[in-house]
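One-letter residues, chain by chain:
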Amino acid sequence: MNNIYEPKFVKQLFNQMSGSYERMNYITSFGFSIRWRKQFLNKLGKSEHNLNVIDLLSGLGENWAYLKQNFPNSTFSALDFSEEMISQSKNKGNKVFNNQLNLLCEDILQNNLESNSFDIISCAYGLKTFNEQQLEILAKEISRILKPNGKFSFVEVSKPKNKFLYYPYQFYLSKMIPVLGKLFLGNPSDYKMLWIYTENFGNCDHVKEIFNRNNLKIKSENYFHGCATGIYGTKS
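Fair warning: this is a prediction, and the values are worked out from it, not measured in the lab.

Peer 1: Please explain the overall build of the chain as it appears in this structure.
Peer 2: Scanning the chain from terminus to terminus reveals nine helices and seven strands. For the chain, the C-alpha radius of gyration of 17 Å lies close to 18 Å, the compact-globule estimate for 236 residues. C-alpha extents for the chain along the principal axes are approximately 45 × 35 × 30 Å. Going through the 236 residues of the chain one by one, you find that 54% of them count as buried. Excluding contacts between residues fewer than 6 apart, the proportion of contacts in the chain whose partners are at least 24 apart in sequence is 76%. Accessible surface, the chain as shown: approximately 11300 Å² in total, 49% of it carbon and sulfur.

Peer 1: How should I be thinking about unusual backbone geometry in this particular structure?
Peer 2: Negative phi values dominate among residues other than glycine, just as trans dominates among peptide bonds. Even without being a glycine, Y125 presents a positive backbone phi close to 60°. The class for Y125 is buried, based on a relative accessible area of 4%. We note that N215 has phi near 65°; this positive angle belongs to a residue other than glycine. Structurally, the position occupied by N215 is in the loop between α9 (205-212) and β6 (216-223).

Peer 1: Looking at this structure, I do not really get the pattern of salt bridges. What am I missing?
Peer 2: Side chains that differ in sign of charge can pair as their charged atoms come close. Scanning the model with the defined rule gives nine salt bridges in all. Here K43 and E221 are joined by a salt bridge, their closest N and O atoms 3.3 Å apart. Taken as a pair, K43 in the loop between α3 (32-42) and β1 (52-56) and E221 in strand β6 lie far apart in primary sequence, 178 residues in all. Using a relative accessible area of 30% as the deciding quantity, one classes K43 as partly exposed. A salt bridge links K161 to D205; the nearest nitrogen and oxygen atoms lie 3.5 Å apart. With K161 in the loop between β5 (146-157) and α7 (163-185) and D205 in helix α9, this pair connects stretches of sequence that are 44 residues apart. On the basis of relative accessible area, D205 is assigned to the partly exposed category, the value being 40%.

Peer 1: In this structure, what is going on with the environment of N131? I would like to understand it.
Peer 2: As for its position among the elements, N131 is in the loop between β4 (118-124) and α6 (132-145). When the C-alpha positions of N131 and I4 are compared, they lie 9.2 Å apart, and in sequence the two are 127 residues distant. There is a polar contact of 2.8 Å between the side chain of N131 and the backbone nitrogen of Q134.

Peer 1: Would you take a moment to explain the packing of aromatic side chains for this structure?
Peer 2: Ring pairs (aromatic) are described by centroid distance and by the angle formed between their planes. Considering all chains together, one arrives at eight aromatic pairs under this definition. Taken together, a centroid distance of 6.3 Å and an interplanar angle of 65° make the contact between F152 and F154 edge-to-face. Given a relative accessible area of 1%, F154 falls into the buried group. The structure contains a cluster of three or more aromatic residues connected by ring pairs, namely W64, F76 and F97.

Peer 1: Just checking my understanding: could you explain the sheet that holds β6 for this structure?
Peer 2: Adjacent strands of a sheet pair through backbone hydrogen bonds, lying either parallel or antiparallel. Spatially, β3-β2-β1-β4-β5-β7-β6 is the arrangement adopted by the seven strands of the open sheet, whose pairing is mixed. Each edge of the open sheet carries a strand with a single partner, namely β3 (102-105) and β6. Recorded for the sheet is a direction-independent mean angle of 15° between the axes of neighbouring strands. Sheet analysis places β1 next to strand β2 (residues 75-80), joined by five bridges and oriented parallel. Within β2, the residue paired with N52 across the bridge is T75. Strand contacts of helix α5 (residues 83-97): β2 and β3, with the helix running at about 175° to β3, the strand carrying the most contacts.

Peer 1: Explanation requested: the pairing of β3 in the structure shown.
Peer 2: When a strand is regular, its side chains alternate between the sheet's two faces. Pairing analysis gives four bridges linking β2 to β3, with the strands arranged parallel. Bridging across to β3, A78 finds its partner in L103. Each parallel crossover has a hand, and the one from β2 via α5 to β3 is right-handed.

Peer 1: Any chance you could explain the side chain of D119 here in plain terms?
Peer 2: Tracing the backbone through its elements, the reader meets D119 in strand β4. Of the polar contacts made by the side chain of D119, one reaches the backbone nitrogen of N52; its length is 2.8 Å. Not counting residues within four places of it along the chain, the set of residues in contact with D119 comprises L51, N52, L146, K147, G150 and K151.

Reading guide: rules and limits
- Residues numbered from 1 in each chain as written.
- Predicted model: local features only at pLDDT ≥ 70, side-chain atom pairs only at ≥ 80, totals over all residues.
- Heavy atoms only, no water.
- Helix = DSSP H or I, 4+ residues; strand = E, 2+ residues; numbered from the N terminus.
- Rg over C-alpha atoms; globule rule 2.2 N^0.38 Å.
- Buried < 20%, exposed > 50% of the residue type's maximum accessible area, 1.4 Å probe, protein only.
- Contact = heavy atoms within 4.5 Å.
- Areas by Shrake-Rupley, 256 points an atom, 1.4 Å probe, with all protein chains shown as cover.
- Salt bridge = Lys/Arg side-chain N within 4 Å of Asp/Glu carboxyl O.
- Polar contact = N/O pair within 3.5 Å; in protein donor to acceptor, adjacent residues only side chain to side chain.
- Phe/Tyr/Trp six-rings, centres within 6.5 Å; stacked < 30°, edge-to-face > 60°.
- Pairing = 2+ DSSP bridges.
- Axes fitted to C-alpha atoms, helices over the stretch in contact; angles between N-to-C directions.
- Right-handed = clockwise from strand over helix to strand, strands pointing away.

Next up, the structure:
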């Protein structure tokens, strides 16, 4: 198998899944992905001020309507390195932000974002595609681009520790999702990767340790008994 954390591999995977990824997130999480999305974004609070907000690994723009609602007067950017995700999310960006979204096709691990430039950083369901070394780079980049006292929040589908949840969840994600992918949405091998990444990722506990080492004050959160986990906090 290819190195599944190689940026080229990850980019190709998400380019291939771009047409169905939003629906698959919903199906994969039994519809909970929308609830988790709202909950993790609420960790950022709300503000009427003109803040600089960026949504990382922005996918098909699933966070955007909530971000606009919570920060109605802010300036918004979004970043993803999948060209197909960027292409398919443009119309949503134009609609939600009235053609005012700065949509960037870049790799967050090798980006051109200015240091100390963002008040708010959000990211949903992208952490699992990074290995430990890449997570170290990510944490350094979050610390670099975030303003002092700026806020961040991440959420990720995770491996629940409760065995009564883990085994049916494992079966569903590793066996049923590829079947559904084949029946309704395209290539089943692409969707097998979702469980492989989740199994390897575990939960956000190790991410919390990495972020703690990089000038970030951080807390963690469990969603639905650990089927998703999150981290949130501020730059010191």
